[in-house]
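Structural overview for review
Given next are the chains, with one letter for each unit.
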Amino acid sequence: MKLPDPSFLYRELLARLTGTTTTTKRATLLLQKYFSTPCSNRAVCVLLVDEIDYIMNRKQDVIYNLFNWPSQRHARLVVVGIANTMDLPERLMPRVNSRMGLLRLTFKAYTRKQIEKIIHARLTGLSNFDSDAIELCSRKVASTTGDVRKALHIARRAAEICREQEEETKRKQDVGGENDDRPKEEVEDMTRRPSVSIRNVIQATEELFHSPYIQYILHLPASQKFFLNSLMLETKKRQSPQVEYQNVVDRCIRIATTSGYQHIVPDAPAYFAQLTHSLANVHIISFENSKKSRNPMVQLLVHQDDVHFALREDEMWGKLQH
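Read on for a plain summary of the structure. The structure displayed is predicted, hence computed values, not measured ones. (Residues numbered from 1 in each chain as written. Predicted model: local features only at pLDDT ≥ 70, side-chain atom pairs only at ≥ 80, totals over all residues. Heavy atoms only, no water.)

1. Some thoughts on the overall build of the protein
What the protein contains, in helices and strands, is 15 helices and five strands. The proportion of buried residues among the 322 residues of the protein is 38%. Total accessible area on the protein is roughly 19300 Å²; 51% of this is exposed by carbon and sulfur atoms. (Helix = DSSP H or I, 4+ residues; strand = E, 2+ residues; numbered from the N terminus. Buried < 20%, exposed > 50% of the residue type's maximum accessible area, 1.4 Å probe, protein only. Areas by Shrake-Rupley, 256 points an atom, 1.4 Å probe, with all protein chains shown as cover.)

2. Topic: the sheet that holds strand β3 (residues 242-244)
The antiparallel open sheet is built from three strands, whose spatial order is β3-β5-β4. At either end of the open sheet lies a strand with only one pairing partner, and these are β3 and β4 (285-288). This sheet shows a mean twist of 25° between the axes of neighbouring strands, independent of strand direction. Across three bridges, β3 lies against strand β5 (residues 297-300) in antiparallel orientation. By the bridge assignment, glutamine 242 is partnered in β5 with glutamine 299. (Pairing = 2+ DSSP bridges. Axes fitted to C-alpha atoms, helices over the stretch in contact; angles between N-to-C directions.)

3. Notes on helix α13 (residues 269-281)
Relative to the 18 Å expected for 13 residues at 1.5 Å per residue, α13 spans 18 Å between its end C-alpha atoms, a close match to the ideal helical length. Residues Phe272, Leu275, Thr276 and Leu279 constitute the buried set of α13. Angularly, the buried residues of α13 cover 95° about the axis, an arc narrow enough to put them on a single face. The outward face of α13, more than 90 degrees from its buried face, is lined by the exposed residues Ala270, Gln274 and His277. Packed against the buried residues of α13 are α11 (222-238), α12 (245-258) and β4. (Expected span 1.5 Å × (residues − 1). Arc of directions from axis to C-beta. Contact = heavy atoms within 4.5 Å.)

4. Some remarks on the packing of helix α5 (residues 112-122) against helix α6 (residues 131-142)
The interhelical angle for the contact between α5 and α6, taken along N-to-C directions, is 135°, at an axis separation of 8 Å. The orientation of α5 with respect to α6, classified from their angle, is oblique. The crossing of α5 and α6 is right-handed. Facing Arg112, Ile115, Glu116, Ile119 and His120 of α5, the residues of α6 in contact are Ile134, Glu135, Cys137, Ser138, Arg139, Val141 and Ala142. (Parallel < 35°, antiparallel > 145°, perpendicular 65-115°, else oblique. Left-handed = near helix turned anticlockwise from the far one by under 90°.)

5. What to know about the pattern of salt bridges
Two side chains that carry opposite charge are able to pair once their charged atoms sit near each other. Evaluation of the coordinates by the stated rule reveals seven salt bridges. Glutamate 116 is the partner of arginine 112 in a salt bridge, and the nearest nitrogen-oxygen pair spans 2.8 Å. With a gap of four residues between them, arginine 112 and glutamate 116 both fall in helix α5, about one helical turn apart. Residue classification places glutamate 116 among the buried positions, given a relative accessible area of 16%. Ionic pairing is found between arginine 157 and glutamate 164, a salt bridge with its closest N-O pair at 3.3 Å. (Salt bridge = Lys/Arg side-chain N within 4 Å of Asp/Glu carboxyl O.)

6. Section: the environment of arginine 73
When you line up the elements, arginine 73 lands in the loop between α3 (61-68) and β2 (77-81). Residue arginine 73 is classed as exposed on the basis of its relative accessible area of 79%.

7. Things to note about unusual backbone geometry
Excluding glycine, residues mostly have negative phi values, and the peptide bonds linking residues are mostly trans. Within the chain, arginine 76 stands out as a residue other than glycine whose phi angle is a positive 50°. Positive phi outside glycine occurs at histidine 283, with the angle close to 60°. Classification of histidine 283 as exposed rests on a relative accessible area of 53%.

8. Regarding α5
The periodicity of an α-helix, 3.6 residues per turn, causes residues three or four places apart in sequence to face the same way. All buried positions along α5 are accounted for by Ile115, Glu116 and Ile119. Axial view of α5: buried residues confined to an arc of 100°, hence all on one face. Within α5, the exposed residues directed more than 90 degrees away from the buried face are Lys113, Lys117 and Ala121.

Next comes the structure, spelled out in structure tokens:
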């Protein structure tokens with residue numbers, strides 16, 4: 001299930017367990033009753049919550065209830081949470097942290113061989129990828145982030161570059177027409193289905209790891225990085241390119257506070273107005289603010305991968321995300 005808002009967890013969970021559809025407030029009450037009422041015939045429910053850090057609202061009530069229910073005597077509920085950060089329990093309020101179990105399993109970044117295996121699995125049925133190109137892609141990513149999504153992104157971009165080169169070759173061939181005096185073997189070689197090569201992977205890697213936006217974001221002040229990270233998370237949560245400015249500000253303050261960096265991001269409207277203006281001037285974001293609009297909208301103008309990778313390369317953000 002996908003949740004547009006943390007509180008939707010109550011409605012979705014109740015619907016899956018009982019088939020009942022109702023409001024968020026009533027779903028919360030019904031779930032509390034469900035997990036506290038004895039029922040010998042009820043099967044144990046194992047709830048796996050991926051990216052659990054995204055359901056941390058300001059009050060942290062959703063994540064509190066989520067881990068409090070299993071402590072009920074008749075709950076028959078097991079909750080397994082997966083987060084992108086290793087220090088999530090330390091960033092929670094004490095009352096929430098007290099409800100979490102002590103077992104913590106840390107997943108290491110993918111190795112070169114694992115990344116290579118995953119890419120091969122994704123390319124099953126395709127024969128136009130050189131094995132050396134896949135190995136190079138795997139080595140590049142394993143030596144930096146170990147993020148398999150980044151490896152797949154490079155592979156996809158390498159394939160796009162290869163296709164673009166193929167189309168350019170065909171265009172030149174069509175322009176040459178019958179007056180083409182090149183050897184027959186050379187013309188036939190150009191018409192064969194191209195293969196994604198090491199050169200394509202190198203070009204794709206250069207584009208990804210040396211993007212001017214990445215370099216610019218890397219050298220931004222920490223407060224602006226907090227804002228961009230919050231904007232990226234809010235965009236992903238709302239599944240919309242434009243999100244409300246105040247929601248981003250609230251998330252930014254919350255992340256800074258829970259991670260112990262509240263001194264970097266002061267809770268001051270004038271400060272955020274200046275910060276937003278600075279990012280908009282360099283076209284990192286767009287900010288629509290007018291006297292008629294009570295809820296100004298903000299949008300990320302650069303690719304989310306650029307922001308994500310730049311933050312991963314930052315020393316402070318590396319500690320927060322690992």
